[in-house]
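Observations on the three-dimensional arrangement
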Amino acid sequence: MMETIGFLGCGNMGGAIARAVCKAADPKKVYLANRTTAKAQALAKELGCKVATNAEVAAECDLIFLAVKPQMMEALLAPLKFSLDERPGRFVLCSMAAGLSIARIQEMAGEDFPVIRIMPNTPASVGEGMIQYCSSNVTAEEEEAFRKIMAPAGRLDAVPENLIDAASCVSGCGPAWVYQFIEALADGGVACGLPRAKAQEYAAQMVLGSAKLVLESGQHPGALKDAVCSPGGSTIQGVRVLEEKGLRGAVIDAVLAAGVEEPAVVSQRAHALEDARANDAETFDNLATAYARANNLRKPELGEDVDDALLTEPERALAGAVATAEQAVASALASDDFAAALSQLAALRAPIDGFFADVMVMDEDAALRDNRLRLLNRFVAVFANVADFGKMAKSK
C-alpha cells in the first residue's frame, strides 16, 4: 500500500514535500516528474529519487502528488486521464492546489478517484509544517499510510473541506507575515544597536520558542502575553503601541484579504464604513472610542459566556443589545450588506456608553470582574466581521 510515490511538479512546495516524504519512504521508490526536466533531475540527485515522465507517474505510483499551480492543473491532468482510467489497482491523488475542490480535481482527472487535498506550508521543508487535509473515497488504511508518509513534514490535521481554504489563509499564507514580523523585529533591534545577524537570530528564535510554548502549554496566547507584561514595564508599553498602531486588526484583515474575502468585498466593507461615518460621525466616532477601550480591556482567554445572574442593570442593557446585534449583524453579513450591519452596530452606542459610565469593570470581586470582561469580549466580537473600528479610533 502506497509503496511507490510520485510527484507531478517539483517546484518550491512540491520539492519541500518531496524532501519530507523521502525521510519516511525509500527514496528509490519516489518518482519525480517536472515540466522542466532539469529541475526534477537536480532534486532526484539531492534525494536519491528517480526521474520519470508524467505518464509514468500516472501509470505506476500508488500515491501521486499533484504539485502544480491551480491554473496548470487541468492541462496537467487532461493527457493523463487514459492512463489513470486504465489502472487495474487502487491509487490516490494528492492535490496541493489552493482553491481547487476535491470534486473539481476528480472532474479534471475524469473519474471519482480517491483524492486527498492538502494545504501545506513552506516550513514543511524543515519538518515544521502545518498541513491540513481532507479526502474523498480514501480508505482508513490509505489515510493512515498517507499520514505516516507525511509525518516528517510536520503537523497534520484532518478538517472538513469547507474549512480548508480558511485554514490555508492562516497557516499557508501565515509564514510570509511571520517573516515580515521577524524582519521588523530585527530592524528594531538594529535601530537599538544590535548587529543585523544577531538581531535576526534573536527574533527568529523568539518566534520559534513562543510558538512552541503556545502549542505545548495549551494556554491562550492572551494569557501568555499577560505573563510577560509586568505592571509599568517596558513590554506592556510595547503592547500599547502595537494596539494603537492596529496590529490585531491588520492581521485579521490580512487573513480575510488572503482568500476568505474577495478584494471587492474588502473594498465594499471599507466604503460602507466611510459612508456610515459621513452620515453620523458622532455615533461612529463614539463607537470607535468605546471599541478601543473595550478591546484594551478584553481577555479572550475568559471566553464570552456571560452569567446573566451577575449582571447589573447597565450590564444587562448592554448584554441585550449585543445579543440583538449579533443576530442582526450575522443576517446582514450573510448577504454582504455591510451598511445594514453598521446600522445595527450604531444601536450599541447608548448601552456601551451607559456601561462605561456606570460600571467599574475591574471590580475587586473576581467573579463580577471576569463576567464583565466576558461581556466586553462579546461586544468586541460583534465588530470583528464588520469593520476595523480600532483603525477608525486612531484616525479620528
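This section reports on the structure supplied with the text. All values reported here derive from a predicted model rather than from experimental measurement.

Okay, a negative patch on the surface next. A cluster of like negative charges, contributed by D85, E86, E111 and D112, occupies part of the molecular surface. Among the secondary structure elements, E86 is positioned in the loop between helix 5 (81–85) and strand 5 (92–95). For E86, a relative accessible area of 47% gives the class partly exposed.

The next subject is the environment of L84. The topology assignment puts L84 in helix 5. Note on L84: relative accessible area 2%, which makes it buried. Taking the C-alpha atoms as reference, L84 lies 17 Å from L32; in sequence the two are 52 residues apart. Leave out the neighbours within four places in its chain, and L84 touches A58, I64, F91, L93, A109 and F113.

So, on to the packing of aromatic side chains. One pass over the structure, following the stated rule, counts four aromatic pairs. The interplanar angle of 5° and the centroid separation of 4.5 Å between the aromatic rings of F7 and F65 together place this pair among those described as stacked. Note that F7 is positioned in strand 1 (residues 5–8) and F65 in strand 4 (residues 63–66), a separation of 58 residues in sequence. The exposure class of F65 is buried, given its relative accessible area of 0%. Each ring, one from Y133 and one from F146, has its centre 5.6 Å from the other, and the planes form 65°; the classification is edge-to-face. Note that Y133 is positioned in strand 7 (residues 129–136) and F146 in helix 7 (residues 140–150), a separation of 13 residues in sequence. One exposure class covers both Y133 and F146, and it is buried.

What follows concerns the pattern of salt bridges. Between side chains of opposite charge, a pair can form as their charged atoms come close. For the coordinates displayed, the defined rule picks out 17 salt bridges. The shortest N-O distance in the salt bridge between E107 and R104 comes to 3.3 Å. Here the residue E107 and the residue R104 both occupy positions in helix 6 (residues 102–109), the gap between them amounting to three residues, near one helical turn. Salt-bridge contacts for D353 lead to R349; the nearest nitrogen and oxygen are separated by 3.6 Å. Of this pair, D353 and R349 both sit in helix 18 (residues 349–358), four residues apart, which is roughly one turn of that helix.

Rules of the game
Residues numbered from 1 in each chain as written. Predicted model: local features only at pLDDT ≥ 70, side-chain atom pairs only at ≥ 80, totals over all residues. Heavy atoms only, no water. Patch = residues over 30% accessible without salt bridge, like charges linked within 9 Å, V, L, I, M, F, W, Y side chains within 5 Å. Areas by Shrake-Rupley, 256 points an atom, 1.4 Å probe, with all protein chains shown as cover. Salt bridge = Lys/Arg side-chain N within 4 Å of Asp/Glu carboxyl O. Lys, Arg positive; Asp, Glu negative; His and termini not counted. Charge placed at Lys NZ, Arg CZ, Asp CG, Glu CD. Helix = DSSP H or I, 4+ residues; strand = E, 2+ residues; numbered from the N terminus. Buried < 20%, exposed > 50% of the residue type's maximum accessible area, 1.4 Å probe, protein only. Contact = heavy atoms within 4.5 Å. Phe/Tyr/Trp six-rings, centres within 6.5 Å; stacked < 30°, edge-to-face > 60°.

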